[in-house]
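Chain and residue survey
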Amino acid sequence: MTYSKKKLGLVLAISAITLLITGCGSKSASSSKKLAAKQELTYATTTDPAGLSPLDTNDTASANVIAQVYEPLFRLDSKTMKPKSLLATSYSMPNKKTYDIKLRKGVKFQDGTPFNAAAVKYTFSQLLSKKRAAPRASLLAAIQKMTVKNDHEIVIETKYETGTFIRDLSHTAASIVSPTADKKGKGYLNKHPVGTGPFKFSSWTTGDQVTLNRNNHYWGRKAKLTKVTLKTLPNYSTAVSELQTGKVNFLDWLPSDYLSRIQSLKNVNTYFKKGTRVNYFGFNVSKKPFNNLKFRQAVAYAINTKSITEQGSGKSYYANPSIIGPEVYGYDSKMKSFAYQYDLSKAKQLVKENGFGGSTFKITVSNSPDTVKMAQEIQQQLAKAGFKVKIDQTENASFISRTTSGDYDTMISAWANSTDDASELLVPQLSSSYIGSSNRTRYRNAAFDRAAELGTSTTDTTKRKAEILKATEIAMHDAPWVVLNHNNVSRATTNNVHGITVDATGMWHLNNAYLTE
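Quick caveat, the model's predicted, so the values are computed rather than measured.

About the thresholds
- Residues numbered from 1 in each chain as written.
- Predicted model: local features only at pLDDT ≥ 70, side-chain atom pairs only at ≥ 80, totals over all residues.
- Heavy atoms only, no water.
- Helix = DSSP H or I, 4+ residues; strand = E, 2+ residues; numbered from the N terminus.
- Contact = heavy atoms within 4.5 Å.
- pLDDT = per-residue confidence, 0-100.
- Salt bridge = Lys/Arg side-chain N within 4 Å of Asp/Glu carboxyl O.
- Buried < 20%, exposed > 50% of the residue type's maximum accessible area, 1.4 Å probe, protein only.
- Phe/Tyr/Trp six-rings, centres within 6.5 Å; stacked < 30°, edge-to-face > 60°.
- Lys NZ or Arg CZ within 6 Å of the ring centre and 35° of its normal.
- Pairing = 2+ DSSP bridges.
- Axes fitted to C-alpha atoms, helices over the stretch in contact; angles between N-to-C directions.
- Parallel < 35°, antiparallel > 145°, perpendicular 65-115°, else oblique.
- Left-handed = near helix turned anticlockwise from the far one by under 90°.
- Core = buried A, V, L, I, M, F, W, Y, C linked by side-chain atoms within 4.5 Å.

1. Section: the environment of R440
Relative to the helices and strands, R440 resides in the loop between α14 (423-430) and α15 (446-454). Linking R440 and R132, residues 308 residues apart in sequence, is a C-alpha distance of 18 Å. For R440, the contacting residues outside a window of four places in its chain are Y280, F399, T403, T404, Y408, M411, S413, A414 and Q429.

Structure, rendered in structure tokens:
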């Protein structure tokens, strides 16, 4: 059969329309249902945000709110994981160390302050301020100079070539804040967030919930949801019960112990895909005996990561011993060989030879159900090797504060790799420049620092990957971390919820979300 161009165009158009109509379904076809009269969505988590300012926080619970209220210049595409324009409209590079960024016109912050190049410069200056000590200052460490060319154009010069800069500008911590709001005083934004996003802040009752309302003056397509509530429910069983009754519409990072119960609910859809997040057991290497490599090796040999990963029944986690996971740019399969493999006899030998079982140490964890479960299993595994271990459980904000300040022995934590790039883990998490902020293990190794920095300071992909590999090998030998596993991104929603966008880092956005009857 042959087609004229006109007929072929008609066939393709009809096919496209058919796909749009039939391609939206999950358990139920959302396209065939009416919009619910009440467009109010409730999300639940077990952890309270540490704060609501992108400049002053570095935790998932905070980022979930920040991502709805604020916006960065660029955002990672949820499918390709490549940066795309958001508050920026385009950029060019007159040379390898200069970025000429054009900004979106007609945008205002939720307090009425105009979004412009001066606001971008202010935000980035605050992120880099030593006085402010922003936890994610490392994102913009390459910046040498910023020049406001006009209201809608800023020129940023870097100290060196970098292959990560636009990705770094896609991070929630690089979201642009209202200078007017931030100048109201120290800590103001942490309690009263003001951005340019599709939702604006309404209220926050600490330990209970954050409430957002639709931003009716949003520069882009207005959200269908009129209200978003982010609830803190320390008991995950309560969260699942409320999902079942419809009081809660959305859960993420589904704990392994609750998977079968959640998946049995008839009114709920679940979603899983491989993600960039890594879970790890970390040592405070500034304290004895954790500064002793043999101690860390003994712990690494004693932890059976396969057993821990199998808790997730193939849904919550996937196994890979590398600090850099296979979904992250810069990963090399050689990295798996750098890990200490489970060997209980070696662990016992090191404990006995060095007297490591003589004193008790603590594993500090937040109140996340899966983290607590990991701690309990690791406690049992370490006991078999001769270690004496107690679990120190605390709420999220306290966990972040204590581990950042070095007030702990060991911990179980995670890193989302929010720019989907290996350097975004290696530099902030393990470089000695960030001890006291994002480097919570307080790890220090000059050779590692050089390799990690070289991994960011070139646009040559071959050189970048070689330095990333070198830095990873050094860190995995020194073992400030024992990698437990990597997370699959997971979520559960009531089956009347549609349009939530989730990427491989686990970051989600609600600007296209809606509820049906």
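2. With respect to the confidence of the model for the protein chain
Parts of the prediction with low pLDDT should not have their coordinates interpreted in detail. Taken over all residues, the pLDDT of the protein chain has a mean of 92, while the share at 70 or more is 93%. Long-range and interchain partners of residues 1-29, a stretch whose pLDDT sits below 50, account for 11 contacts in this model, where long-range means more than four residues apart.

3. Re the pattern of salt bridges
By the definition in use, this model includes 13 salt bridges. One salt bridge connects K287 with D409, and the closest N-O pair in it is separated by 2.7 Å. Residue K287 is found in the loop between β12 (268-283) and α9 (293-302), and its partner D409 is found in the loop between α13 (396-405) and β16 (410-415); the two are separated by 122 residues along the sequence. Given a relative accessible area of 30%, K287 falls into the partly exposed group. For D409, a relative accessible area of 17% corresponds to the buried category. Where D407 meets R402, a salt bridge forms, and the shortest distance between an N and an O atom there is 3.4 Å. A relative accessible area of 44% places D407 in the partly exposed class. Salt bridges sharing partners connect three or more residues here, namely D56, R132 and D182.

4. Digging into the packing of aromatic side chains
By the definition in use, this model includes 19 aromatic pairs. Arranged with centres 4.8 Å apart and planes meeting at 50 degrees, the rings of Y43 and W508 form a pair that is tilted. Of this pair, Y43 sits in strand β1 (residues 40-45) while W508 sits in strand β20 (residues 508-509), placing them 465 residues apart in sequence. Accessibility classification places Y43 together with W508 in one group, the buried group. Three or more aromatic residues joined by ring pairs form one cluster here, namely F290, F295, F356, F361 and F387. Over the ring of Y514 we find K224; its NZ or CZ atom is 5.5 Å from the centre of that ring. A cation sits over an aromatic face here: R277 above W253, 4.2 Å from the ring centre.

5. Remarks on the pairing of β1
Among the six residues in β1, five count as buried, and that is most of the element. As judged from the six bridges shared by β1 and strand β10 (residues 227-232), these two strands associate in the parallel manner. Across the sheet, residue Y43 finds its bridge partner in β10, namely L230.

6. Structural notes on the packing of α15 against helix α16 (residues 461-478)
Relative orientation of the contacting elements α15 and α16 amounts to 150 degrees, with a least axis distance of 8 Å. One way to sum up the angle between α15 and α16 is to call them roughly antiparallel. Two packed elements cross with a definite hand, and for α15 against α16 that hand is left-handed. Facing α15, whose interface residues are A447, F448, A451, A452 and L454, α16 presents E467, K470, A471, I474 and A475.

7. Some points on the sheet that holds strand β5 (residues 98-103)
One open sheet holds the four strands; their spatial order is β4-β5-β7-β6, and the pairing between them is antiparallel. Every other strand in the sheet has two partners, leaving β4 (88-95) and β6 (143-150) as the edge strands with one partner each. Ignoring which end each strand starts from, the neighbouring axes of this sheet average 20 degrees apart. Judged from the five bridges that link them, β5 and strand β7 (residues 153-158) form a sheet pairing that is antiparallel. Paired with K102 across the strands is E153, a residue of β7.

8. Some details on the environment of K384
Among the structural elements, K384 can be located in helix α12 (residues 369-385). In this structure K384 comes out as exposed when scored by relative accessible area, which is 58%. Separated by 39 residues in sequence, K384 and S345 place their C-alpha atoms 9.9 Å apart. Other than its neighbours up to four places away in sequence, K384 contacts L344 and K348.

9. Let's talk about the nonpolar core
F281 and F387 are the most contacted members of the largest nonpolar core, which has 65 residues in total. For F387, the residues in contact, after removing those within four places along its chain, are F295, A298, V299, V351, F356, F361 and L382. Grouped together as the second largest cluster of nonpolar side chains are 61 residues, V120, F201, V228 and V502 included.

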